[in-house]
Amino acid sequence: MEFTASPKPQLSSRANAFSIAALMSSGGSKEKEATENTIKPLEQFVEKSSCAQPLGELTSLDAHGEFGGSSGGSSSPASSSLCTEPLIPTTPIIPSEEMAKIACSLETKELWDKFHELGTEMIITKSGRRMFPTIRVSFSGVDPEAKYIVLMDIVPVDNKRYRYAYHRSSWLVAGKADPPLPARLYVHPDSPFTGEQLLKQMVSFEKVKLTNNELDQHGHIILNSMHKYQPRVHIIKKKDHTASLLNLKSEEFRTFIFPETVFTAVTAYQNQLITKLKIDSNPFAKGFRDSSRLTDIE
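What comes next concerns the included structure. This one's a predicted model, so the numbers in the text were calculated from it and none came from an experiment.

**Remarks on the packing of aromatic side chains**
And then number 1: Under the definition given, this model contains six aromatic pairs.
And then number 2: Centre to centre, the rings of Y186 and F205 are 6.2 Å apart; their planes meet at 70 degrees, and the pair counts as edge-to-face. Note that Y186 is positioned in strand β8 (residues 186-187) and F205 in the loop between β10 (203-204) and β11 (209-211), a separation of 19 residues in sequence. We note that Y186, like F205, is buried.
And then number 3: On the basis of an interplanar angle of 35 degrees and a centroid distance of 6.1 Å, the ring pair of Y229 and F263 is categorised as tilted. Note that Y229 is positioned in strand β13 (residues 228-237) and F263 in strand β15 (residues 263-266), a separation of 34 residues in sequence.
And then number 4: Grouped by ring-pair contacts, the aromatic residues Y164, Y166 and W171 constitute a single cluster.
And then number 5: Positioned over the ring face of Y162 is K228, at 4.6 Å from the centre of the ring.

This is the structure in structure tokens:
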């Protein structure tokens, strides 16, 4: 398929002050303000909905890693196989000719492929943890004169809970998924972009944070530990009259997914090979060769 689209060792006071945790949390107030201003209207909309239906497999993809549209228009909420309605319908109306030209490519795909082969894991914490690798994408086929909103959400892959079998070095189904958590969208803080900007620059979701705190008030994406998830990237053409995104179903958009970005949410890394690859690949973790520390510092 082609896609265009653990104990902590003691640190000296100086080393502790210069720890990766301190680096990663710097500039929090500005980031927090931007995130809250961007995502609040979306939270108010999407958290009113409830997901009572069972989750399905992420299988309805076309050759560009996009959810295909139904020929008869958008599906009803009841026919959606994923517990994401009404954030972004999984089977939107077939895009207009203009939107159909847009393509999305995953940057650092080689790195994602390495993690995917081992079974990617992402740490979730109460205060929120950034993703590594980071979702970075580039777009082509956009109208240079138009404005676009770029956003991301993370949806369950299936309705199962998993456990890691150390003796087999593999993930096994451990039962039925936990009840779904409040669904959230993360709007890229630089939105809206002009088409010209999107043609020249990469869009990085480096500020997205994952949490297991159901009462989170900071706009972080809330996930269940030991469940598998699929990030999705959405691009919406901004209409002149659109003041806020309160009803995404009425907007013109494209959805892109990249199967190599599927991950299991964990509170501590399970696979030691993932731990090693994170240390070797993450520039913020190169000084931390003791793998036991990666659960606290990344």
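**Description of the sheet that holds strand β12 (residues 221-222)**
Sheets are built from strands paired through backbone hydrogen bonds, the pairs being either parallel or antiparallel.
And then number 1: The three strands lie next to each other as β3-β11-β12, forming an open sheet whose pairing is mixed. Every interior strand has two partners, whereas the edge strands, β3 (129-130) and β12, have only one.
And then number 2: With two bridges connecting them, β3 and β11 associate as antiparallel partners. In the strand pairing of β11, R130 is matched with K209.

**Quick look at the sheet that holds strand β4 (residues 136-140)**
And then number 1: Reading across the sheet, the three strands line up as β1-β4-β10 and stay open at both edges, with antiparallel pairing between neighbours. The two strands at the open ends of the sheet, each matched to only one other strand, are β1 (103-106) and β10.
And then number 2: In terms of strand pairing, β1 meets β4 through four bridges, oriented antiparallel. Bridging from a neighbouring strand, C104 pairs with F139 of β4.

**Focus on the nonpolar core**
And then number 1: Core analysis: the largest hydrophobic core is formed by 33 residues, its most contacted members being M131, F139 and L210.
And then number 2: Looking at this core, the elements with two or more residues in it are β1, β4, β5 (147-156), β13 and β15.
And then number 3: Looking at this core element by element, the count peaks at four residues for β5.
And then number 4: Other than its neighbours up to four places away in sequence, M131 contacts W112, M122, M152, I154, V208, L210, P231 and F263.
And then number 5: Of all hydrophobic cores here, the second largest spans 11 residues; its members include F115, V266, I274 and L277.

**Quick word on the pattern of salt bridges**
And then number 1: Tallied over the full model, the rule gives nine salt bridges.
And then number 2: In this structure, the salt-bridge partner of K237 is E98, at a minimum N-O distance of 2.7 Å. With K237 in strand β13 and E98 in helix α4 (residues 97-100), the pair connects residues that are 139 residues apart, well separated along the chain.
And then number 3: Look at E98 and you get partly exposed, because its relative accessible area is 30%.
And then number 4: With a shortest N-O distance of 2.8 Å, D280 and K276 are connected by a salt bridge. In this pair, D280 and K276 are both assigned in helix α7 (residues 272-281), four residues apart and thus about one turn of the helix distant.
And then number 5: In this structure, a network of salt bridges that share partners links the residues K109, D113 and E260.

**Quick word on the environment of M131**
And then number 1: One can find M131 in the loop between β3 and β4.
And then number 2: Residue classification places M131 among the buried residues on the basis of a relative accessible area of 5%.
And then number 3: A sequence separation of 79 residues divides M131 from L210, and the C-alpha atoms of the two residues are 7.3 Å apart.

**Description of the side chain of T120**
And then number 1: Within the fold, T120 resides in the loop between α5 (109-118) and β2 (121-123).
And then number 2: If we skip the residues at most four places from it in the chain, T120 touches W112, F115, E260, V262, F263, T264 and I274.

Calculation criteria
- Residues numbered from 1 in each chain as written.
- Predicted model: local features only at pLDDT ≥ 70, side-chain atom pairs only at ≥ 80, totals over all residues.
- Heavy atoms only, no water.
- Phe/Tyr/Trp six-rings, centres within 6.5 Å; stacked < 30°, edge-to-face > 60°.
- Helix = DSSP H or I, 4+ residues; strand = E, 2+ residues; numbered from the N terminus.
- Buried < 20%, exposed > 50% of the residue type's maximum accessible area, 1.4 Å probe, protein only.
- Lys NZ or Arg CZ within 6 Å of the ring centre and 35° of its normal.
- Pairing = 2+ DSSP bridges.
- Core = buried A, V, L, I, M, F, W, Y, C linked by side-chain atoms within 4.5 Å.
- Contact = heavy atoms within 4.5 Å.
- Salt bridge = Lys/Arg side-chain N within 4 Å of Asp/Glu carboxyl O.

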